Every structure is written in C-alpha cells, then in structure tokens.
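# Remarks on the overall topology
So the chains spell out like this:
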Amino acid sequence: MRPRVSNVAIDCTDMDAMVAFWGALLDMKVTGRDDDWTDLEALGDGGPLLSFQLVPDGKRVKNRVHLDVEVPDIHAAGERARALGATVHGPPMGDNPDKPFQVWLDPLGNEFCFVTA
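Now for a quick tour of the structure. (Residues numbered from 1 in each chain as written. Predicted model: local features only at pLDDT ≥ 70, side-chain atom pairs only at ≥ 80, totals over all residues. Heavy atoms only, no water.)

### So, the pairing of strand 4 (residues 49–54)
On any regular strand, side chains alternate: one points to one face of the sheet, the next to the other face. Where strand 1 (residues 7–12) lies against strand 4, six bridges are found, and the strand directions are parallel. Its bridge partner being in strand 4, Asp11 is matched across the sheet by Gln53. For strand 3 (residues 37–42) and strand 4, the ladder comprises four bridges, and the chain directions are antiparallel. Note that in strand 4 the partner of Ala42 across the bridge is Leu49. (Pairing = 2+ DSSP bridges. Helix = DSSP H or I, 4+ residues; strand = E, 2+ residues; numbered from the N terminus.)

In structure tokens form, the structure reads like this:
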C-alpha cells in the first residue's frame, strides 16, 4: 500500500480562533474535536483533513510548510481574510502578472498564500 497523508495539522495556542478562521475562510465544517485536537473537513475529494493541535508554545519563526489557497481574485480573497482576522504579509508577486500570489498571516501569525486560480 502506498503511504497517504491523512491530516495536515497546524499547531496553535488558540484552537478556537484557528478553527473559526480557517473554517470560515475555506467554508469547512468541524468533523471531529476533543480537548487538544480539532479536524475540519477534507482538503478536496479524498484529501487529508485540515487539523489543529493545541500546543503550549507560540509560533517563533517562519513556517516550513504553508497552505496555498487557490482563489479567482487574490484581492477579494484578501479583503475577506482581513475581515476574518488575517493580515497581509507583502505585496502581490509572481512571475506571471496574470496569476499573482500574495502571502498572508492567519490570526496566530502562520503564513499562507492566496494564489490566482
């Protein structure tokens, strides 16, 4: 059997804030929860669950792994993310001016990118 990624887990110090932000941003529902772990729906058909693990230590450095969120309009997606508590982390960029991407920070400072679909 080929190995399969079952979860993409994000460590956090405020699980409720992360679940609320990412659930609203990606329009995903909670599928499982206990005191220190929460699962949202799968990332795509048959994809891994997006999960959050409560940890005592806060984020200290740049993420080594981040999510790229494909959207039709990075500016509109950014405004929606800002309303949900995200902050922009740089200007739109990329080699193709018709398909820019932009780095954002979720409410706990984790980097993610909006990429043009």
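Right, picking up where we left off after that structure.
### Comments concerning the nonpolar core
Considering soluble globular proteins, one finds that nonpolar side chains tend to be buried as a cluster. Trp22, Leu25, Leu40, Leu50, Phe52, Phe112 and Phe114 are the most contacted members of the largest nonpolar core, which totals 22 residues. Taken together, the elements giving at least two residues each to this core come down to strand 1, helix 1 (15–26), strand 4, strand 5 (67–71), helix 2 (74–84) and strand 8 (111–116). Here this core takes six residues from helix 1, the largest share from any one element. Ignoring anything within four residues of it in the chain, the contact list for Trp22 reads Asp27, Leu40, Leu50, Phe52, Leu67, Val69, Asp106 and Phe112. (Core = buried A, V, L, I, M, F, W, Y, C linked by side-chain atoms within 4.5 Å. Buried < 20%, exposed > 50% of the residue type's maximum accessible area, 1.4 Å probe, protein only. Contact = heavy atoms within 4.5 Å.)

### With respect to the side chain of Thr38
In this structure, Thr38 sits in strand 3. Judged by relative accessible area, which is 0%, Thr38 ranks as buried. Setting aside chain neighbours within four positions, we find Thr38 in contact with Met15, Val19, Val30, Gly32, Arg33, Leu50, Ser51 and Phe52.

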